[in-house]
2 protein chains.
Amino acid sequence: MANNNQKIPYKIYLSENEIPKTWYNVRADMKNKPAPLLNPGTLQPMTAQELSAVFCEELVAQELDNENPYIAIPEEIQNFYKMYRPSPLVRAYCLEKKLQTPAHIYYKFEGNNTSGSHKLNSAVPQAYYAKKQGLKGVTTETGAGQWGTALSMACSYFDLDCKVYMVKVSYEQKPFRREVMRTYGASVTPSPSDTTQVGRKILAEHPGTTGSLGCAISEAVEVAVTNPGYRYVLGSVLNQVLLHQSVIGLETKAALDKYGIKADMIIGCAGGGSNLGGLIAPFMGEKLRGEADYRIIAVEPASCPSFTRGVYAYDFCDTGMVCPLAKMYTLGSDFIPAPNHAGGLRYHGMSPVLSQLYDDGLMEAVSVKQTDVFEAAEMFARVEGILPAPESSHAIRVAIDEALKCKETGEAKNIVFGLTGTGYFDMVAYEKYHDGLMTDYVPTDEELAVYRAKLPKV
Amino acid sequence: MANNNQKIPYKIYLSENEIPKTWYNVRADMKNKPAPLLNPGTLQPMTAQELSAVFCEELVAQELDNENPYIAIPEEIQNFYKMYRPSPLVRAYCLEKKLQTPAHIYYKFEGNNTSGSHKLNSAVPQAYYAKKQGLKGVTTETGAGQWGTALSMACSYFDLDCKVYMVKVSYEQKPFRREVMRTYGASVTPSPSDTTQVGRKILAEHPGTTGSLGCAISEAVEVAVTNPGYRYVLGSVLNQVLLHQSVIGLETKAALDKYGIKADMIIGCAGGGSNLGGLIAPFMGEKLRGEADYRIIAVEPASCPSFTRGVYAYDFCDTGMVCPLAKMYTLGSDFIPAPNHAGGLRYHGMSPVLSQLYDDGLMEAVSVKQTDVFEAAEMFARVEGILPAPESSHAIRVAIDEALKCKETGEAKNIVFGLTGTGYFDMVAYEKYHDGLMTDYVPTDEELAVYRAKLPKV
């Protein structure tokens, strides 16, 4: 058990008036701006007008804003944030003791809300701006279900219709996630479905298909653009999402500053980049402005290694190729990662902002194997109490590895990582781990080359 | 959306050093003490020595202590509490707005920990004292799974073996709960099992049985008393459990006092009484000492109405009749409540402490129907964000009803209720509600009379 006589509490809670009143836009401090989204037809940068057909106007403005460092958070959004924020920054005393490391480990815990993850931070503004624009509703896709749940909650609060296309295999395997969304009044449709043209086409061609994220995106976009009063929203990858998620990093930094703690490294899991981009934002800002230095580490699954084994190139964001092209670290939009229980990290690409920062050498990336991740997850659960999401556990794995290095060297480094959510809806994965049935798949160089060869020539 | 300019924050968080350092023992202030447990053979009060064969020594002392108002919380337990406490007292601004009530509604939220409920508050000391006594492990039963999960977490932290007997039907229908317990290293056995004499006997007599809580208790007790170094632990009903759970009420009162708020009524769901007894403890103390007055309301399911339709009499705590007799409000130990999704409230009896207080007219009780409960649960989830446990939603239902009464009368009463946990593992129940398949069963007077007639003659 940890020592009781510490100056730093187990959980650093900020007060409600310390919740950020502005988001921080790291793009303003980037010398090399992220490359613009391209119209897949013309290969020209997407204009605000073009983007407005799919996204809400205010969100388009945020998407394209590479200049303003701070963007005010509207009061209505602040009020929703107050229902579940500030989230605690936890000193992992028990994990440190278990590892017998001189390192000080901190984690920002974003799982204390019903969506179970950080996704709510961007769902709230996206629903708010849709409502403000007078829209009737929004459409989206969901795989693992965290984003769909978060959006359902936000839409219920702002009295907005919410249509979720859920990858059919998840819809069937995760009925509980589906029920949470229904509790919040969302309509949840297994994808592919007969409610859209693209869905019917896919069903005709592949009658037994269990769906894919790419197909669900295509259906959600079709419904948004063909129904007056609807827009499409997305839970990761986009610049606007990273902007909203900066509340994670801003609160983390405020909590550290309050106790005079200087982070040595910041670790986050990376799928599309929403959590990592938000967590590191203010730290990266200091780094970009030359005010401080930090090691910043992205952790991705070895089965879907966009940063560590992908290429930095323009690619489609979806498998259906209906969305704009983004310049990003990618494995190719046709790449289908092997079954992996961190559904939130199975994306072929990566946030354009993070891709640029990584390409500029401002952050590191490391990939980890699934069974090593679950070993870390279980250890963490047992000593720190919280049962982590498989996605979050990627960051736990590397935080533990870094803490063990500190044990070797005797250094008392300050390790900060993002604990993005809880694993309560991922017990099938834990069961496989307990039963020794979990496998580690790592794509071969030959496999990756096949998908790389299919990248669009831009 | 709620007004931002309130003096009282959405969530009142105490600081870590405001976590109670003593539990409050309401028995010390009771003029009429709860009736003692009786040896089922001799019908004499159970001695400390007799109880020690089944329970840890320190816990036996707490069970029998009707005199000391404050009992120190050991530092090791305080340290564990710091991992998930203090829990927030939330001002339900959004619910108030939705109801358009002048009432001020507050809820103490105990679901922000991996066990998902308040059960951890007593699991931690029970595991701690077992470890301190040098035991190898503890045994228990679990129905819905909250208590088993909480105990698994506590045992994992204190490095204690944990054997959980889980009612077979729950074991099969709630595999995720089972996996959470396995993540914490507990062994989980479906009951009845062939690992005990009583289990084998029941299996021989009823080959296809899906088990019952009574049978699981009998198996857990048998394993505890026949294995050296093991004791049996229980998550509700007992005086010691209510003592530990007083942290809920002490924190609630400290948070209210901090903002000068005087509660008018305190509402809690009641199954065995662990949450309600803990929540009301310090308020009831003031009432007993004549320092203040509060309406205190127990809410129970109409399908299992121990307070509102039971009798105050000595009865068996388990269906197997291996445990001591307790004087309590009971429906009879043979009473099997109709299927109800609030598994934690399906107990035939009630805490002896609460039974005495109720019999003395110091608190009220009300029973509510299941569909009314889920209607309240869904409304609450949509406006307050948190998806509540079915058990907790009984309190929500009555809090809403009382707030609507305030709307009629125009009174700005302060309503405080206990939100004991989250419903993430109860989505089957929500699904039935959404699909219109949920039923309301209320036992007839004739049915209740049958079980009442079987009460032991003491």
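Residues numbered from 1 in each chain as written. Chains lettered and ligands numbered in written order. Predicted model: local features only at pLDDT ≥ 70, side-chain atom pairs only at ≥ 80, totals over all residues. Heavy atoms only, no water.

## Comments concerning the overall build of chain A
Helices and strands together make up the secondary structure of chain A, namely 18 helices and 15 strands. Against the compact-globule benchmark of 23 Å for 458 residues, chain A has a radius of gyration of 21 Å, which places it among compact chains. Its C-alpha atoms put chain A at 65 × 50 × 45 Å along the principal axes. Among the 458 residues that make up chain A, the fraction classed as buried is 66%. Of the accessible surface of chain A, which amounts to about 15,500 Å², a share of 51% is contributed by carbon and sulfur atoms. (Helix = DSSP H or I, 4+ residues; strand = E, 2+ residues; numbered from the N terminus. Rg over C-alpha atoms; globule rule 2.2 N^0.38 Å. Buried < 20%, exposed > 50% of the residue type's maximum accessible area, 1.4 Å probe, protein only. Areas by Shrake-Rupley, 256 points an atom, 1.4 Å probe, with all protein chains shown as cover.)

## Let's talk about the sheet that holds strand E11 (residues 295-301) of chain B
All names here are of chain B. Strands sit in the order E1-E4-E5-E15-E10-E11-E14 across an open sheet of seven strands; the sheet is mixed. Of all the strands in the sheet, just strand E1 (11-12) and strand E14 (364-368) have a single pairing partner and so form its edges. Pairing of E11 with E14, which is carried by five bridges, proceeds in the parallel orientation. Its bridge partner being in E14, Glu-300 is matched across the sheet by Ser-367. (Pairing = 2+ DSSP bridges.)

## Observations regarding the side chain of Thr-422 of chain A
Considering the arrangement of structural elements, one finds Thr-422 of chain A in the loop between strand E15 (414-419) and helix H17 (427-434). Once residues lying within four places of it in the same chain are set aside, the contact partners of Thr-422 of chain A are Phe-109, Gly-111, Gly-116, Ile-386, Leu-387, Pro-388 and Ala-389 of chain A. (Contact = heavy atoms within 4.5 Å.)

## What to know about the environment of Gly-344 of chain A
All names here are of chain A. By the element assignment, Gly-344 lies in the loop between strand E13 (325-330) and helix H14 (352-359). When the C-alpha atoms of Gly-344 and Ser-236 are compared, they prove to be 9.7 Å apart, with 108 residues separating the residues in sequence. Those residues within four positions of Gly-344 in sequence are excluded, and the remaining contacts are Ala-144, Gly-271 and Glu-391.

## Looking at the packing of aromatic side chains
Following the criterion strictly, the structure yields 47 aromatic pairs over all chains and no others. Geometrically, the ring pair formed by Phe-55 of chain A and Tyr-232 of chain A is tilted, given 6.2 Å between the ring centres and 40° between the ring planes. One end of the pair, Phe-55 of chain A, is in the loop between helix H1 (48-52) and helix H2 (57-64); the other, Tyr-232 of chain A, is in strand E9 (residues 230-232), and 177 residues separate them in sequence. The buried category is assigned to Phe-55 of chain A, whose relative accessible area is 8%. Considering the side-chain rings of Tyr-424 of chain A and Phe-425 of chain B, the 6.1 Å spacing of their centres and the 50° angle between planes classify their relative orientation as tilted. Placement of the pair is Tyr-424 of chain A in the loop between E15 and H17 and Phe-425 of chain B in the loop between strand E15 (414-419) and helix H17 (427-434), with the two residues belonging to separate chains. (Phe/Tyr/Trp six-rings, centres within 6.5 Å; stacked < 30°, edge-to-face > 60°.)

## Regarding the packing of helix H3 (residues 75-84) of chain A against helix H5 (residues 120-132) of chain A
Between two packed helices, both the angle of their axes relative to each other and the distance between the axes serve to describe the pair. All names here are of chain A. The interhelical angle for the contact between H3 and H5, taken along N-to-C directions, is 150°, at an axis separation of 10 Å. With respect to H5, the axis of H3 lies roughly antiparallel. Here the hand of the crossing between H3 and H5 comes out right-handed. For the pair formed by H3 and H5, the contact residues are Glu-76, Ile-77, Phe-80, Tyr-81 and Tyr-84 on the first element and Leu-120, Asn-121, Val-124, Pro-125, Tyr-128 and Tyr-129 on the second. (Axes fitted to C-alpha atoms, helices over the stretch in contact; angles between N-to-C directions. Parallel < 35°, antiparallel > 145°, perpendicular 65-115°, else oblique. Left-handed = near helix turned anticlockwise from the far one by under 90°.)

## Thoughts on the sheet that holds strand E4 (residues 89-91) of chain A
All names here are of chain A. Judged by pairing direction, the sheet is mixed, and its seven strands sit side by side in the order E1-E4-E5-E15-E10-E11-E14 without closing on themselves. On the outer flanks of this sheet lie strand E1 (11-12) and strand E14 (364-368), each paired with one strand and no other. Sheet topology places strand E10 (residues 265-269) next to E15; three bridges connect them, and they run parallel. Bridge assignment links Ile-266 to a residue of E15, and that residue is Val-416.

## Section: the nonpolar core
Counting residues in each nonpolar core, the largest one holds 242 residues, and the members touching the most others are Ile-267, Met-363 and Phe-417 of chain A together with Ile-267, Met-363 and Phe-417 of chain B. When residues no more than four places from it in sequence are discounted, the contact partners of Ile-267 of chain B are Leu-279, Ile-297, Val-299, Ala-395, Val-398, Ala-399, Glu-402, Ile-415, Val-416, Phe-417 and Gly-418 of chain B. (Core = buried A, V, L, I, M, F, W, Y, C linked by side-chain atoms within 4.5 Å.)

## A word on the interface of chain A and chain B
When the parts of a complex come together, some accessible area is lost, and that lost area is often used as the size of the interface. Contact residues are listed per partner, giving 48 residues for chain A and 48 residues for chain B. Between chain A and chain B, a total of about 4,700 Å² is buried, with carbon and sulfur atoms accounting for 55% of that surface. Broken down residue by residue, the surface that chain A buries against chain B is led by Phe-176, Thr-183 and Tyr-424 of chain A, which jointly contribute 15%. Where chain A meets chain B, there are six salt bridges. The salt bridge partner of Glu-431 of chain B is Arg-178 of chain A, with a shortest N-O separation of 2.9 Å. Our count for the contact surface shared by chain A and chain B stands at 31 residue pairs in polar contact (both at pLDDT 80 or more). Counting only elements with at least two residues in the side of chain A that touches chain B, the list comes to H3, helix H6 (146-158), helix H8 (175-183), helix H15 (370-384) and H17 of chain A. Each residue belonging to the side of chain A that touches chain B can be placed in one class, and the counts come to 24 nonpolar, ten polar and 14 charged. (Buried area = accessible area lost by both parts, 1.4 Å probe. Salt bridge = Lys/Arg side-chain N within 4 Å of Asp/Glu carboxyl O. Polar contact = N/O pair within 3.5 Å; in protein donor to acceptor, adjacent residues only side chain to side chain. Nonpolar A, V, L, I, M, F, W, Y, C, P; charged D, E, K, R; others polar.)

## Quick notes on the state of the cysteines
Applying the stated rule across the entire model yields zero disulfides over all chains. Here Cys-323 of chain A stays free of any disulfide, with the sulfur of Cys-317 of chain A as its closest cysteine sulfur at 6.1 Å. (Disulfide = S-S within 2.5 Å.)

## Some thoughts on the relation of the copies chain A and chain B
When chain A is fitted to chain B, the best match, at an RMSD of 0.0 Å, comes from turning it 180° and sliding it 0.0 Å along the axis. Classification of the inter-copy transformation places it as that of a two-fold axis. When each C-alpha of chain A is compared by its distance to the rotation axis, Asn-112 of chain A comes out closest, at 3.1 Å. A shared binding surface is used by both copies, with 100% of the interface residues of chain A retained as interface residues in chain B. (Least-squares fit on C-alpha atoms with pLDDT ≥ 70 in both.)

## Quick notes on the confidence of the model for chain A
In low-pLDDT segments, the atomic positions of the prediction should not be examined closely. Residue and element names in this part refer to chain A. Per-residue confidence for chain A averages 94 on the pLDDT scale, and 98% of its residues sit at or above 70. This stretch, residues 1-5, has a pLDDT under 50; its non-local contacts, to residues over four places away or in other chains, come to twelve contacts. Scored by ipTM, the complex comes to 0.92, with pTM at 0.94. (pLDDT = per-residue confidence, 0-100.)

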